[in-house]
Amino acid sequence: MSSSVETFYEVMRRQGITRRSFLKYCSLTAAALGLGPAYANKIAHAMETKPRTPVIWLHGQECTCCSESFIRSAHPLAKDVVLSMISLDYDDLLMAAAGHQAEAILEETVEKHKGNYILAVEGNAPMNQEGMSCSIAGKPFSEQLLEMAEHCKVIISWGSCASWGCVQAAKPNPTQSIPVHTFLAGKVDKPIIKVPGCPPIAEVMTGVITYMLTFDRLPELDRQGRPKMFYSQRIHDKCYRRPHFDAGQFVESWDDEGARKGYCLYKVGCKGPTTYNACSTVRWNEGTSFPIQAGHGCIGCSEEGFWDKGSFYSRDIEINAFGIEARADDVGVAAAATLGVAVAAHAAISAVKAAQKKGDE
Amino acid sequence: MSEQNLTGVEKVYVYEAPVRLWHWVNMFAIIVLGVTGYFIGNPLPTMSGEASDHYLMGWIRFLHFAAAYIFAIGFAGRIYWAIVGNHHARELFYVPLWRKSWWLGFIDELKWYAFLKKEPGKHEGHNPMAQFSMFFMFVLGSLMMIITGFALYAEGLGAGSWADIMFLSWVLPLFGDSNTLTLHAWHAMGMWLLVIFAIAHIYVAVREDVMSRQSMVSTMISGWRYFKDKR
C-alpha cells in the first residue's frame, strides 16, 4: 500500500540489490521479451526514472492457478516484479491486510491513482443469482470488478477464466460466468489484454507487466486481444517433436515404443496444432519442461472454450447438432454408408424396372 | 432445358472443352484432397526408425495443399468460364427457384427417381434435380471447403500472412469461437459432404447414361449430348 513516487531502481537498491545485479536483471528481462541487447539499457533507464505503477489484482471465480504460476516466475523473478517493479496495492492472495482494511485500499487507489492503475483480473464474474455465486466482502464480485474497471488505465485478463471463461463457463455453466471482456462490453471502454492459459506461463505474465512498465505502452495485441509476442505462434510451430510429426511418427498408445522414443503426440489428442501459446519456446519452471516434453499432449488450455472441445485424448471435437455426441468422421462415415446402401437398393430396383419394361415391349 | 423443343434433335454441343477439362482435373484434385485430408485428420500407422528417414506427413500435407491450389484455381477458372462460356456453363452457379417450369421439372425428376414415372424427360443440360444438388452440395460445398481450407492454411503460414488476413480473420468468427479446432471439424464435415455428393453424382450419371433418353457420361468427354429418340 504505497503512494510513493520511488522509482523501481531506488526500491531495488533499498533492498540491497547491487547495480551489477540490477543491470543483469535488465538484460535477462530484455532477453525474455525477445528484445535485442540494446534494449537492456532502455529497460535500465526506464526503471531508474519511472515511478512504480500501482496494480490492483482482483480474484473472481477462479482456482488461483494463475497466481501460483505468477509467483514462480524466474526471469524476472516474481519477487522483483511484486516488490520493485509494480506497487501491488491489492491482491487478496499476497497482501498482508485483511477484511475492511483490505477493502479500504480499493477505495484509496481509485481516489489517489484514478486512471493510472493497472487492473489485473484473475477469474471471472458469475451472472446467475445476481452474481452471488462469487461474492467478496458481502458484495457480488461483478460489482467490485465494474467499479475498479471504471477508473483503471488498462485491464489485464489473467488466465483462461478471465479471458475466455474456462472451466466454470463450460457447459452447462451453472453460475452463468462470463469472461471479463464480455462482462465489461458496453459498460467500460478500457483496453483489455488477454493473457490466457490455465494457468498462463509465469514468464509470460511477468513479461507482459515488464513490457508495459518499461515502454509505457501496451504490448501489440492480436485479433483476440492477446500479446503478439507470446501468442502469435502455435505450440506445434516450435514443438521439438515436430520432426516426428512431419515424418509420420506417432505415439499410438501411452505405453508403446513411440511413447518411449518421444514421437509426436498428435494421435493421442495433442492440441498443439490449434493452440497459440509460448509453451514450446518459453517452457515452464525456469524453462525446465512443458507438457509435451513430459510426454503428454497439449490440452489447448489457452484456447477459447477448451473444456467443451471434446476429450483431451482426441483431436476430434464432438458435434452435438445431431442429438447425440458424434465426431465429424463418424457422422460422415454413417452418412456415406447410408447413401451407399440407398444407391445400391435404388440401382437394384432400377434394374428390375428396366427388365420389366423390356418384357412389356 | 425444356423437352418440347428437343423433338427431332439428334445431338447438342453442351460442354465446351474448358468445362470438360476442368471437370476431370477437379475430379483428380478432389480424390487427392479427400484421401490426404482424411490422413491428416487420421494419420497412417506410425513409421519406425529415425525422423530424418521419413517425411510421410510432410508429403501428405504437401499433396493436400498442392491439390487445394489446383482445386481453388480451377474453381475460379470455372467461374470465369461461366461468364464467357456458353449458357450451359452458367447452369452450375444458379438454381432458378423463381421459375415455375423449373419446379415442374424438379417434381417430374423426383417422380422418375421414385419409380412413379415410366419415362423421364429430355434435358439438354442439367435436369432440375441435378442443378439443385450441384449447386447446393457441390458449388456451395466447394466454396466452403476453399474458404475454410485457406483459413486453416493460415495457421501454418502464421499471423499476418496473406491467408490470415484474407481468410482466417473473418472466417474464424463465423464458427462461434476463436478455437480453430471447431474449424478443423467443419472442414472434415465438408469433405464428407463432397464424398456424399460424389457417390450420388457417379451413381446418377451412370444410371442416366443407361436409363435416360440422352447420353450422360460420354457427354463430359466429347462435349456432345446425344438423344436416344427423336420424339
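Within each chain, residues carry numbers counting from 1 in the order of the written sequence. All chains are assigned letters beginning at A, and all ligands numbers beginning at 1, according to the order in which they are written. Local features are withheld for residues below a pLDDT of 70 in this predicted model, meaning they are given only at 70 or higher, and side-chain atom pairs are given and counted only at 80 or more; totals for whole chains, interfaces and linings count all residues.

Quick notes on the overall build of chain B
Which entries qualify depends on this criterion: Only DSSP runs of H or I reaching four residues or more are called helices, and only runs of E reaching two or more are called strands; each is numbered from the N terminus. With C-beta atoms placed from the backbone, a residue is buried if 20 or more other C-beta atoms are within 10 Å of its own, exposed if 12 or fewer are, and partly exposed between those counts. Here contacts are defined at the residue level, using C-beta atoms placed from the backbone and a cut-off of 7 Å between them.
Assigned secondary structure in chain B consists of seven helices and two strands. Projected onto the principal axes, the alpha-carbon positions of chain B cover approximately 70 × 40 × 35 Å. Residue burial in chain B is summarised as follows: out of 231 residues, 29% are buried. Taking as baseline every contact in chain B between residues at least 6 positions apart, the subset at least 24 positions apart corresponds to 65%.

Some details on the overall build of chain A
Spelled out, the test is: Only C-alpha atoms enter the radius of gyration, while the globule expectation follows 2.2 Å times N to the 0.38, with N the number of residues.
Secondary structure assignment for chain A yields 15 helices and 11 strands. Taken against the 2.2 N^0.38 rule, which gives 21 Å for 361 residues, the C-alpha radius of gyration of chain A at 26 Å runs more than 25% over that of a compact globule. In chain A, which comprises 361 residues, the proportion classed as buried is 44%. Put simply, of all contacts in chain A between residues at least 6 apart along the chain, 70% involve residues at least 24 apart.

A look at the interface of chain A and chain B
Heads up, the rule is: For this classification, Asp, Glu, Lys and Arg are treated as charged, while Ala, Val, Leu, Ile, Met, Phe, Trp, Tyr, Cys and Pro are nonpolar and the rest, including Gly, are polar.
Opposite the 44 residues of chain A that make contact, chain B presents 36 residues. Element by element, the count of residues in the side of chain A that touches chain B is highest for helix H15 (residues 328-360) of chain A, at 14 residues. When its residues are assigned to classes, the side of chain A that touches chain B shows 18 nonpolar, 12 polar and 14 charged.

Here we look at the domain arrangement of chain A
Size of an interface: often given as the accessible area lost when the parts come together. All names here are of chain A. Operational definition: Domain boundaries shown here were taken from an automatic or database domain assignment.
What the domain assignment lists for chain A is domain 1 (8-231), domain 2 (236-315) and domain 3 (326-360). Relative placement of domain 1 and domain 2: their C-alpha centres are 28 Å apart. On the domain 2 side, the residues contacting the 16 residues of domain 1 number 14 residues. Elements represented by at least two residues in the side of domain 1 that touches domain 2 include exactly helix H10 (202-215) and helix H11 (228-231).

Here's the deal with the packing of helix H2 (residues 19-32) of chain A against helix H3 (residues 38-49) of chain A
Residue and element names in this part refer to chain A. What counts is decided by this rule: Only the stretch in contact is used when fitting a helix axis, every axis being a line fitted to C-alpha atoms; angles between N-to-C directions are given from 0 to 180 degrees. An angle counts as roughly parallel when it lies under 35 degrees, as roughly antiparallel when it exceeds 145, as roughly perpendicular when it falls between 65 and 115, and as oblique in every other case. In a left-handed crossing the near helix is turned counterclockwise from the far helix by less than a right angle, and in a right-handed crossing that turn is clockwise.
Packing of H2 against H3 leaves a shortest axis separation of 8 Å and a crossing angle of 120°. Classified by the angle their axes make, H2 and H3 are oblique. In this structure, H2 crosses over H3, and the sense of that crossing is right-handed. Contacts from Leu 23, Cys 26, Ser 27, Thr 29 and Ala 30 of H2 reach H3 at Tyr 39, Ala 40, Ile 43, Ala 44 and Met 47. Split by residue class, the contact of H2 with H3 holds eight nonpolar, two polar and no charged.

Description of helix H1 (residues 17-41) of chain B
In an α-helix, one turn spans 3.6 residues; hence positions three or four apart end up facing the same way. Residues and elements named next belong to chain B. Which entries qualify depends on this criterion: In this analysis, the expected span of each helix is defined as 1.5 Å times one less than the number of residues it contains.
For H1, built from 25 residues, the straight-helix expectation of 36 Å at 1.5 Å per residue is met to within 8% by its first-to-last C-alpha distance of 36 Å. Taken as a whole, H1 has its buried residues at Ala 29, Ile 30, Leu 33 and Gly 37. Residues of H1 that are buried make contact with helix H2 (56-84) and helix H6 (180-211).

Some details on the pairing of strand S2 (residues 86-91) of chain A
The side chains of a regular strand alternate, first on one face of the sheet and then on the other. Residues and elements named next belong to chain A. Selection rule: Here, strands pair whenever DSSP counts at least two bridges between them.
With five of six residues buried, S2 is to be regarded as a mostly interior element. Here strand S1 (residues 53-59) pairs with S2 via five bridges, running parallel. Bridging across to S2, Pro 54 finds its partner in Ser 87.

Quick notes on the pairing of strand S9 (residues 192-195) of chain A
Residue and element names in this part refer to chain A. Covered by surrounding structure in S9 are Ile 192 and Lys 194 together with Ile 193 and Val 195, the residues of both alternating faces. Alignment of strand S7 (residues 154-158) against S9, held across four bridges, turns out to be parallel. Looking across to S9, one finds that Ser 157 is bridged to Lys 194.

Here's the deal with the environment of Thr274(A)
Mapping Thr274(A) onto the fold places it in the loop between helix H13 (257-261) and helix H14 (279-282). The sequence separation of Thr274(A) and Val352(A) amounts to 78 residues, and the corresponding C-alpha distance is 52 Å. If sequence neighbours within four positions are ignored, Thr274(A) has contacts with Arg234(A), Gly300(A), Glu303(A), Asn179(B), Thr180(B), Leu181(B) and His184(B).

Considering the nonpolar core
Heads up, the condition is: Joining buried Ala, Val, Leu, Ile, Met, Phe, Trp, Tyr and Cys residues through C-beta atoms within 7 Å gives a set, and that set is a nonpolar core.
Counting residues in each nonpolar core, the largest one holds 88 residues, and the members touching the most others are Ile56(A), Leu119(A), Ala120(A), Val121(A), Ile156(A) and Val208(A). It is H10(A) that provides the largest number of residues to this core, a total of eight residues. The next biggest cluster of nonpolar side chains, apart from the first, holds 16 residues, and it includes Ile30(B), Phe71(B), Leu181(B) and Ala185(B).

Here's the deal with unusual backbone geometry
All names here are of chain A. A cis amide bond, omega 5°, links Lys 171 with the succeeding residue Pro 172. By secondary structure assignment, the location of Pro 172 is in the loop between helix H8 (159-163) and strand S8 (177-178). A positive phi angle, close to 55°, is found at Gln 176, a residue other than glycine. Within the secondary structure, Gln 176 sits in the loop between H8 and S8. Phi angles above zero are rare outside glycine, and Asn 285 is one such case at about 50°. If you trace the backbone, Asn 285 turns up in the loop between H14 and strand S10 (318-319).

Side note on the sheet that holds S9(A)
Residues and elements named next belong to chain A. Here we have five strands laid out as an open sheet, ordered S2-S1-S3-S7-S9, and parallel in their pairing. The sheet terminates laterally at S2 and S9, the two strands that pair on one side only. Here the strands of the sheet are splayed against their neighbours by 20° on average, with no regard to which way each runs. Here helix H6 (residues 99-112) sits on the sheet in contact with S1 and S2, set at roughly 130° to S2. Contacts between helix H7 (residues 141-150) and the sheet are confined to S1, strand S3 (118-122) and S7, with S1 contributing the most and set at about 160° to the helix.

Examining helix H4 (residues 128-157) of chain B
All names here are of chain B. To keep things clear, this is the line we draw: One axis is fitted to the seven residues ending at the residue and one to the seven starting there. The bend at that residue is the angle between these axes.
The terminal C-alpha atoms of H4 lie 42 Å apart, and with 30 residues this matches the ideal 44 Å at 1.5 Å per residue to within 8%. The principal kink in H4, of about 35°, is found at Met 134. Residue Gly 158 follows H4 closely and has a positive phi angle near 100°.

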